[in-house]
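Spelled out, the chains give:
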Amino acid sequence: MPFSVTTPIYYVNSDPHLGHAYTTVAADVLARHHRQRGEDVFFLTGTDEHGAKVARAAEEAGLTPKEFCDRVSARFRDLVAKLNATNDYFIRTTDPEHEARVQDFLVRLRDAGHLYEDTYAGLYCTGCEQFYAEGDLEQPGNICPLHKTPVEWLEEENTFFRLSAFTGPLLELYDRDPEYVVPRTRYNEARSQIEAGLNDLSVSRASVSWGVPLPWKPEQTIYVWVDALLNYHTALEYGTGTDVSATFWPSTHLLGKDILRLHCVLWPALLVAAGYEPPRKLFVHGYLTSGDQKMSKSLGNVIDPLQVIADLGADALRFYVLREVQFGQDGSVTRDGLDRRYEGELANDLGNLVSRTTAMIARYRDGRVPEGETALEPVHERVAERIDALDLTGALEEIWTLVRAANRYVEDAAPWALARSDDPADAEKLDTALYTLADAVRALGVLLHGYIPEASERILAAVGDPGATGWERAGLGLTVAGTAVEQPPPLFPRLAAAGA
Ligand SMILES: [Zn+2]
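Residues numbered from 1 in each chain as written. Predicted model: local features only at pLDDT ≥ 70, side-chain atom pairs only at ≥ 80, totals over all residues. Heavy atoms only, no water.

1. As for the packing of aromatic side chains
The following threshold applies: Two rings from Phe, Tyr or Trp (for Trp, the six-membered ring) form a pair when their centres sit within 6.5 Å of each other. Planes less than 30 degrees apart are called stacked, planes more than 60 degrees apart edge-to-face, and all others tilted. Note on conventions: DSSP H or I runs of at least 4 residues are helices, E runs of at least 2 residues are strands, and numbering of each starts at the N terminus. Whether a residue is buried, partly exposed or exposed follows from its accessible area with a 1.4 Å probe, protein chains only, as a fraction of its type maximum: under 20%, in between, or over 50%, in that order.
Per the counting criterion, the structure on display carries 15 aromatic pairs. An angle of 15 degrees between the planes, with centres 5.6 Å apart, marks the rings of Y120 and F160 as stacked. In this pair, Y120 sits in strand 5 (residues 115-125) while F160 sits in strand 7 (residues 152-161), placing the two residues 40 residues apart along the sequence. Between W249 and W267, the aromatic rings sit 6.1 Å apart at their centres with planes inclined by 75 degrees, giving edge-to-face as the arrangement. Of the two residues, W249 sits in the loop between helix 9 (245-248) and strand 13 (252-256) while W267 sits in helix 10 (residues 260-274), which places them 18 residues apart along the sequence. Taking relative accessible area as the criterion, W267 reaches 0% and is therefore assigned buried.

Here's what the structure looks like:
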């Protein structure tokens with residue numbers, strides 16, 4: 001079955017940070033895993049580039065909005081590449097192909113009778129590009145809770161989407177699939193928002209000029225969030241030069257909890273209204289914080305993803321964010337914690353296992369895997385189950401049970417002692433031990449491909465199975481006796497040696 005996965009498109013009013021890297025890595029783990037299983041995969045990420053905030057940031061930078069977007073979007077594209085993400089397309093909402101399709105979509109909504117004109121009046125924060133109810137503002141003075149600035153009274157003739165008419169269809173969708181939104185707490189949150197009743201939504205803006213013009217009233221622009229959400233479908237229509245939406249829609253969306261309502265309520269309603277299938281599944285992940293504080297430049301506790309990649313490589317960052325915090329929940333990350341896991345788990349547990357195994361085979365068996373049967377239990381079925389449940393942290397823990405089992409096995413089997421013995425029975429035990437270890441290392445190369453692709457590639461090359469990442473190779477006992485093994489340079493150099 002084809003599989004398609006998206007990150008939210010990243011808003012270019014700020015530079016890339018760890019949160020962007022986090023979602024990108026998670027989506028890439030899923031994309032790589034499904035490719036390993038032989039499925040057709042489409043992995044989409046990109047940048048969200050319209051709206052008043054971007055126009056203002058461009059003005060401050062002395063650039064036109066488009067120049068500004070080109071500059072910042074390139075930084076996101078650079079981060080995605082440095083993370084070794086295997087996205088099939090990088091969409092920009094300023095792509096003319098996207099803009100034209102957004103306009104078509106609005107026409108479709110209008111023709112289906114889901115739009116109407118009305119006056120909108122209310123308290124508006126230009127920073128948020130959002131109207132606020134008085135009760136949601138800080139008093140006195142109607143202060144935006146996010147921007148800490150007073151909101152303005154704004155009145156304009158807008159185009160509205162009859163979101164209120166979709167309460168029933170959305171509830172049906174949620175009832176049909178109790179795992180439509182994951183984790184369960186987020187499902188409940190979204191469902192109760194729908195149950196509480198939905199208000200119609202203004203989908204055009206007279207006050208915002210940097211956006212996609214409303215086709216029948218070009219002096220207004222389309223609400224930036226409608227424009228942004230549509231990327232998930234438009235990219236499939238033009239991103240690769242042919243329309244692959246029939247194959248890859250509906251997609252699985254990964255998103256942060258701050259944009260839950262837009263993705264879990266508005267987006268499926270828009271799609272259903274226009275006659276499209278709603279998204280397949282929505283996974284809402286938590287925030288990475290720093291020692292229980294939100295990460296911020298002013299607090300000086302920011303983990304800069306590009307710095308980590310420069311110091312320790314992309315694998316270290318990819319591994320740490322999914323290992324440290326249960327995917328789906330909030331959790332604390334620190335550079336110290338990252339260094340500890342790098343040293344303890346990547347350099348020691350995994351790196352040592354690979355280097356000991358290959359060194360012993362070189363020394364005791366002339367660099368060839370001896371005949372044998374594995375003495376360890378495979379984990380690949382449980383790993384695949386966890387990944388199918390989008391439990392990326394649980395899947396990694398399952399993989400690590402094999403790493404730990406192999407390390408215990410080395411100590412118990414003590415190949416170095418067997419190698420000193422003249423007893424032929426010990427020679428056979430040594431064959432079994434070395435086979436078991438080589439085979440476990442090979443399987444780990446397959447299992448870890450999604451998480452730490454650079455190390456995976458080097459592991460598989462070291463055990464004579466280069467490029468053999470197919471999931472059918474993720475079990476144990478599949479190594480062919482006689483395969484030539486080479487001892488690689490350290491997979492994860494020690495921190496002092498890495499210069500960090
Ligand atoms: Zn605001």
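2. Let's talk about helix 1 (residues 18-36)
Put simply, the test is: An expected span of 1.5 Å times one less than the residue number is assigned to each helix.
Between its first and last C-alpha atoms helix 1 spans 27 Å; for 19 residues at 1.5 Å apiece the expected length is 27 Å, and the two agree. Most of helix 1 sits out of view: 17 of its 19 residues are buried. Positive phi shows up at G38, right after helix 1, with a value of about 80 degrees.

3. A word on unusual backbone geometry
That bond from Q139 to P140 is cis: its omega, 0 degrees, falls within 30 degrees of zero. Within the secondary structure, P140 is located in the loop between strand 6 (130-132) and strand 7. For the bond from V182 to P183, the omega torsion is -5 degrees, close enough to zero to count as cis. Position of P183 relative to the elements: it lies in the loop between strand 8 (181-182) and helix 6 (184-195). Positive phi is not limited to glycine here, since N84 has a value of about 65 degrees.

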